[in-house]
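Descriptive analysis of the structure
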Amino acid sequence: MMYLLLLCIIIILLLCYKIHWMRQSMKEIQTGVMDKLHHDTNTLISISSHDKKIEELTACLNVELVHLRELRQRYQQGDLELKDAVTNISHDLRTPLTAVYGYLDLLEKEDKSEDAARYIHIIKGRMDALKQLTEELFHYSVFLSEAKESFEVVELKRAIEECLSANYASLKGCHITPEIVFCEQEIKVYINQNALSRILNNIVSNVIKYSTGDFKIELLNTGEMIFSNHAPALDETTVGKLFDRFYTVENGMKSTGLGLSIAKSLCEQMHGEIYANYKKDILYIHLLFHDRT
């Protein structure tokens, strides 16, 4: 009886030991998978267990990780080539645009009929839109490549104030007086300051396009920034597409469809989130970064 009890104890201990090592192996696999998914590394998952089933599972995961790495490299290479192409195109467009502007300026100084003057004005307006799109294409390629670099501590109140100061003339020209509601505490985040400035400027540019005269900025103690304005020209379907690349709102003739798309891409690269909702003719844009200091 004593030997039987001892044997049962040994079996239980062995089972506990095996369960412990299985749990340890599962934890090693989980940690390994998360590490490989979030870091660009050539290493594979390694485990301390010699259990055949665990080893087979690890081998299968490593095969998929190798495949995923190849797909990621192909995507990164393609993305890099696309950005280079966009940059080159924007540069190539600038030279003929400058020449056309020069000839238009000369034409404006010439004697001409009312119809000719009107046509020149229309052409110049279309040229301004093309120039804006060219600049947006250039910034789209440049800013997305720089967003992951030069992180620093940024105080959000100051960043918002600097953005409003930079856009003061445009806001005043549209008779927009911002209503600013800041929380009492100082909110700091660890991000790329230039990228944040670009995001804020793009949001303000969107307000200038669609606001009927009001603009409210809130900074909550959670670090969330909320930008709101009346925009009766929009609707819930349109707002759902505001961050889509090259999407242009029909009533916003000056929109290139890149501003908020750039803002979203920059935000996501800095581990933040940006989204919009629409209630009672008011557009709300929410911006939040998670790397608080």
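Use the structure listed above.
Source: prediction; values computed, not measured.

A closer look at the nonpolar core
In terms of nonpolar packing, the biggest core is built from 44 residues, with Ile-199, Leu-200, Phe-215, Met-225, Phe-227, Leu-287 and Phe-289 touching the most fellow members. Elements supplying a minimum of two residues to this core: helix H4 (156–166), strand E3 (188–192), helix H6 (193–210), strand E4 (216–219), strand E5 (225–230), helix H8 (259–269), strand E6 (272–279) and strand E7 (282–289). In terms of residues, this core owes the most to one element, H6, which gives 8 residues. With residues near it in sequence (within four places) discarded, Phe-227 still touches Leu-200, Ile-203, Phe-215, Lys-216, Ile-217, Leu-283, Tyr-284, Ile-285 and Leu-287. Grouped together as the second largest cluster of nonpolar side chains are 5 residues, Leu-97, Leu-104, Ile-120 and Met-127 included.

Examining the side chain of Ser-211
With respect to the helices and strands, the residue Ser-211 is situated in the loop between H6 and E4. A distance of 2.6 Å separates a polar side-chain atom of Ser-211 from the backbone oxygen of Asp-214. In this structure, Ser-211 is in contact with Ile-176, Asn-229 and His-230, ignoring residues within four places of it in sequence.

Brief notes about the packing of H4 against H6
Axis separation between H4 and H6 bottoms out at 10 Å; the angle between their running directions is 50°. Between H4 and H6, the angle falls in the class oblique. Handedness of the H4/H6 crossing: right-handed. On H6, the residues that touch Leu-156, Ala-159, Ile-160, Glu-162 and Cys-163 of H4 are Gln-193, Leu-196, Leu-200, Asn-201 and Val-204.

Let's talk about the sheet that holds strand E2 (residues 179–182)
Pairing within the open sheet is mixed, and its 5 strands lie in the order E2-E4-E5-E7-E6. Two strands lie at the open edges of the sheet, namely E2 and E6, each paired on one side alone. Adjacent strand axes in the sheet meet at a mean angle of 15° when their direction is disregarded. As judged from the 8 bridges shared by E6 and E7, these two strands associate in the antiparallel manner. Counted as the bridge partner of Ile-274 is Leu-287 from E7.

Considering the pairing of E4
Pairing geometry for E2 and E4, over 4 bridges, is parallel. For Val-181, the partnering residue across the bridge sits in E4 and is Glu-218. Alignment of E4 against E5, held across 4 bridges, turns out to be antiparallel. Residue pairing in the sheet places Lys-216 in a bridge with Ser-228 of E5. In this structure, the hairpin formed by E4 and E5 is closed by a connection of 5 residues, where Gly-223 is found at a positive phi of approximately 95°.

Structural notes on unusual backbone geometry
Notably, His-271 is not glycine yet its phi reads approximately 60°, a positive angle. Examined against the element boundaries, His-271 turns out to sit in the loop between H8 and E6. Overall, the relative accessible area of 49% leaves His-271 in the partly exposed class. With phi around 50°, Lys-280 is a residue other than glycine that occupies positive phi space. Relative to the helices and strands, Lys-280 resides in the loop between E6 and E7.

Cut-offs used in this document
Residues numbered from 1 in each chain as written. Predicted model: local features only at pLDDT ≥ 70, side-chain atom pairs only at ≥ 80, totals over all residues. Heavy atoms only, no water. Core = buried A, V, L, I, M, F, W, Y, C linked by side-chain atoms within 4.5 Å. Buried < 20%, exposed > 50% of the residue type's maximum accessible area, 1.4 Å probe, protein only. Helix = DSSP H or I, 4+ residues; strand = E, 2+ residues; numbered from the N terminus. Contact = heavy atoms within 4.5 Å. Polar contact = N/O pair within 3.5 Å; in protein donor to acceptor, adjacent residues only side chain to side chain. Axes fitted to C-alpha atoms, helices over the stretch in contact; angles between N-to-C directions. Parallel < 35°, antiparallel > 145°, perpendicular 65-115°, else oblique. Left-handed = near helix turned anticlockwise from the far one by under 90°. Pairing = 2+ DSSP bridges.

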